[in-house]
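# Architecture and fold: a report
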Amino acid sequence: MIAKRLSLPGNFVEGFVYFDFLWLISAEGDVWAFDILKFVEDRFPDPKVAEAVQLAFARNDQLEFGGVELRLVPDHIELCAAEVEQYSRIFDTKLDFKSILDMRCYYGRAFIATDRSIKQLDVFGRDALAHVPSGRRANGQLGGDIVHDGRCIQFRCQYGIVSASCTKDGGFYASGALSNDKGWRARFKKFSEASFATEFIADRLTNVPDLVEVEFFKTDYHRKDAGPDDDAFENETTDEGDEKFEITDVTETDEAFGKSASRAILGADRQGRISRVFLSKNVLFTVDFEHRVRTVRLTEGQNLAVPKSGRPFAPAPGPILAMTSSAVGMVAELDDAVFVLSEGRWHEIFEEPVYSVRGYPSSKWYRKLTTAVGDERVDLIFMI
Amino acid sequence: MIIATWGSIWQKTLVGKRENEMPEIEPDGFVYGPNDSGKKYKSLNYHRHMPRPGKTRWIDLFTRDHEYELFDTCDKNSWICVDGNYWGTLDGKIRLGVSDERFSFCPSNTNPLVPWHGYPVRGSGKDYQVPESILDAWLRDGIINNIIAKRIRSAKI
C-alpha cells in the first residue's frame with residue numbers, strides 16, 4: 001500500500017472534499033473552502049510535480065498506479081496555519097452546534113448534521129467561487145436554512161435522494177436533490193422508526209435501526225429523465241453511472257430480504273456475539289466483540305443476491321467505532337487512531353483520535369482519498 | 001473522582017474506599033452505603049456472575065466496589081438527568097460491560113428504603129441515549145473531551 005498525505009493544521013471538526021476544494025467546518029462554526037489546486041500550483045513550481053500532486057489530491061482517477069506521476073508526489077506535504085488561511089475562502093456561516101455529526105456535499109449543496117438540526121448550505125465549484133478572494137472572509141455567501149429539527153448522525157446522498165439517520169427519531173429521506181432549482185430545500189419524510197445508518201444498496205434503501213439489525217426498503221428506482229445540464233456535476237457520477245438513475249419514493253420494507261440478511265449477519269458468528277453492523281456499498285460489515293470484521297455480501301453485479309457471509313479478517317487493534325470505504329480497503333475509526341485493512345493487515349493511517357474519517361467510494365475524482373479530521377489537524381490521505 | 005486508567009482506578013478506588021464499610025451480602029447482591037447523601041446501592045448478581053437474558057453484565061475487572069464508587073461519583077457530581085437516572089462513565093473509552101458497554105445507568109429510584117442499582121449500557125443502540133445535560137456535565141468535569149462527546153452524540157459508542 002502506498003500512502004501520500006497532505007496535512008492542514010487547525011481546529012476543524014469536519015471535512016469533505018468537493019470540486020478541488022476541501023470544505024472544512026471550524027470549531028467556531030465557519031465554513032472554509034480550502035483550494036487544493038491553487039495551493040499545489042503555488043507550492044510546487046515544477047509543473048510535472050504540481051500536476052502529479054494535483055492528480056493525487058484532486059483528480060486521482062487519472063493517476064495510474066506505478067506511473068511516473070506517483071513517484072513525484074512527496075510522501076507528506078505539510079502546511080502551516082497561514083497557508084491554510086491564505087488558500088481558503090472563509091464563510092461566516094455561524095453554524096450553531098455542540099457537535100457536527102456528519103456532512104455531505106451533493107449537487108451544489110452541503111447538508112450538515114448537528115446535534116440539534118440539519119442545515120442546508122450552497123457550495124460552489126471554482127467558477128462560482130471566483131468572486132470570493134482567497135484568504136478573505138465572506139459573509140452570507142452560502143445561505144443556510146435549517147431543513148430538519150432534531151439530531152441527525154449520518155447522511156447518504158445518491159440517486160437524487162438525501163437520507164438522514166436521526167437515531168430514535170427515525171430514518172428520513174428527501175427526494176428531488178438533483179433539482180437545478182436554486183431554491184430547492186430538502187423536505188424530509190420519515191421512512192423508519194429508528195435509524196443509525198443508511199446506504200443505497202442495489203435499488204434498496206438500507207437502514208440500520210439498531211446495533212445489529214438491518215432493514216431493506218423498496219424504492220421507485222428508475223432511469224432519470226435527461227436534463228439540460230446533466231454534465232454540470234460530473235463529480236457526482238460514479239463508475240457505474242449511478243446518477244443516471246433516480247429515486248423519488250421509498251415505499252415498503254422488503255421483509256424477506258431483511259430476514260435473509262439477518263440470518264447471514266447472525267450466522268456470521270455461531271454464538272451470536274456480533275457487536276454491530278456497518279453498511280457499505282453492496283456489502284455490510286459485521287464486527288464481533290473481539291473486533292473481527294466479516295463482510296456480508298448483498299449483491300451480485302447491480303442486483304440483490306442471497307446474502308452471504310465471508311470469512312473473518314484479522315482482528316482490528318481495538319473496538320471499531322465507525323467504518324468507511326476506500327480504494328485500498330475498509331477504513332476503521334478506533335478510539336485513538338484510524339486504520340485501514342489492506343491485503344489482510346491493519347495499517348495505521350492516522351495516529352490520533354478523530355472527529356471524523358471518510359472515504360469517497362462513489363466519487364469519480366476522489367475515490368483514492370480519505371479525509372481524517374483530528375483535534376488539531378486535517379489529513380487528506382491518498383492511498384493506492 | 002475516578003481517574004481514567006485502570007491502574008489509577010484501582011488505586012483510587014481502593015484508597016477511596018471507606019475502610020470500615022463493608023457491603024452487606026444479600027441473596028441477590030451486595031448492598032453498599034449509605035453514602036454521604038444517604039443513598040444505598042446494591043450490586044446485583046444478575047449483572048455479574050448470575051446472568052439473565054436481557055440483563056447486561058459488568059466485566060470482572062470492574063468490581064462491585066468500582067460499581068459502587070462509580071454510583072457515588074455520579075451522585076457527588078450530580079450526573080443525573082431530568083428523569084432522575086444517574087449516568088456514569090470513566091472516560092468514554094474504557095469498557096465497563098462484557099458487550100462493549102462504556103456507560104453505567106442507574107434508573108431513577110424515589111424510594112429511600114430501596115437501594116439504587118445500576119448496569120452497563122451502550123450509547124450506540126436505540127435503548128439508551130446519553131442525555132445532553134449529562135454530556136455537558138461530563139465535559140464540564142473533564143471526564144470526556146469534544147471528540148468523545150461527538151462520538152456519543154453520533155452513537156458511535
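Our structure's up above, just so we're on the same page.
In what follows, the accompanying structure is described. Fair warning: this is a prediction, and the values are worked out from it, not measured in the lab.

## Considering the layout of surface pockets
Approximately 710 Å³ is the volume found for the largest pocket. Along its surface, the largest pocket is lined by 31 residues, and Gly54(B), Thr56(B), Ser99(B), Glu101(B) and Arg122(B) are the ones closest to its centre. For the lining of the largest pocket, the secondary structure elements donating two or more residues are β22 (274-279) of chain A together with β6 (119-121) of chain B. Per-element tally for the lining of the largest pocket: the top contributor is β6(B), with 3 residues.

## Quick word on the nonpolar core
Residue and element names in this part refer to chain A. In terms of nonpolar packing, the biggest core is built from 60 residues, with Leu6, Trp23, Ile25, Phe34, Ile36, Phe57 and Phe91 touching the most fellow members. Ranked by the residues each element gives to this core, the list is headed by helix α2 (residues 47-57), at 6 residues. If near-sequence neighbours (up to four positions away) are discounted, Phe91 is found in contact with Trp23, Asp30, Val31, Ala33, Leu129, Val132, Ala138, Gln141 and Leu142. By size, the runner-up hydrophobic cluster in this structure holds 38 residues, among which are Leu101, Ile118, Cys166 and Leu284.

## Considerations on the interface of chain B and chain A
Listed as interface residues are 23 residues of chain B and, on the opposing side, 32 residues of chain A. Roughly 2,500 Å² of surface becomes buried between chain B and chain A when both sides are summed, with 46% attributable to carbon and sulfur atoms. When the area that chain B buries against chain A is broken down by residue, the three leading residues are Lys126(B), Lys150(B) and Arg153(B), summing to 27%. Our count for the contact surface shared by chain B and chain A stands at 7 salt bridges. Between Glu132(B) and Lys98(A) there is a salt bridge, with the nearest N and O atoms lying 3.2 Å from each other. Across the contact surface, chain B and chain A share 20 residue pairs in polar contact (both at pLDDT 80 or more). Of all the secondary-structure elements, those providing two or more residues to the side of chain B that touches chain A are α3 (132-140) and α4 (146-153) of chain B. The element that contributes the greatest number of residues to the side of chain B that touches chain A is α4(B), accounting for 7 residues.

## A closer look at the sheet that holds strand β24 (residues 293-300) of chain A
Residue and element names in this part refer to chain A. Read from one edge to the other, the open sheet built from 4 strands follows the order β22-β23-β24-β25, with strand pairing classed as antiparallel. Edge strands, defined here as strands with exactly one partner in the open sheet, are β22 and β25 (303-309). For this sheet the average axis-to-axis angle between neighbouring strands, irrespective of direction, equals 25°. As judged from the 5 bridges shared by β22 and strand β23 (residues 283-288), these two strands associate in the antiparallel manner. Across the sheet, residue Ile274 finds its bridge partner in β23, namely Asp288. Those strands touched by helix α6 (residues 255-267) are β22, β23, β24 and β25, and its axis lies near 25° from that of β25.

Here is what the cut-offs are and how they apply
Residues numbered from 1 in each chain as written. Chains lettered and ligands numbered in written order. Predicted model: local features only at pLDDT ≥ 70, side-chain atom pairs only at ≥ 80, totals over all residues. Heavy atoms only, no water. 1 Å grid on protein atoms, 1.4 Å probe; cavity = no way out; pocket = protein on both sides within 12 Å on 5 of 7 lines; lining within 4 Å. Points joined across faces, edges and corners; volume = space filled by probe spheres on them. Helix = DSSP H or I, 4+ residues; strand = E, 2+ residues; numbered from the N terminus. Core = buried A, V, L, I, M, F, W, Y, C linked by side-chain atoms within 4.5 Å. Buried < 20%, exposed > 50% of the residue type's maximum accessible area, 1.4 Å probe, protein only. Contact = heavy atoms within 4.5 Å. Buried area = accessible area lost by both parts, 1.4 Å probe. Salt bridge = Lys/Arg side-chain N within 4 Å of Asp/Glu carboxyl O. Polar contact = N/O pair within 3.5 Å; in protein donor to acceptor, adjacent residues only side chain to side chain. Pairing = 2+ DSSP bridges. Axes fitted to C-alpha atoms, helices over the stretch in contact; angles between N-to-C directions.

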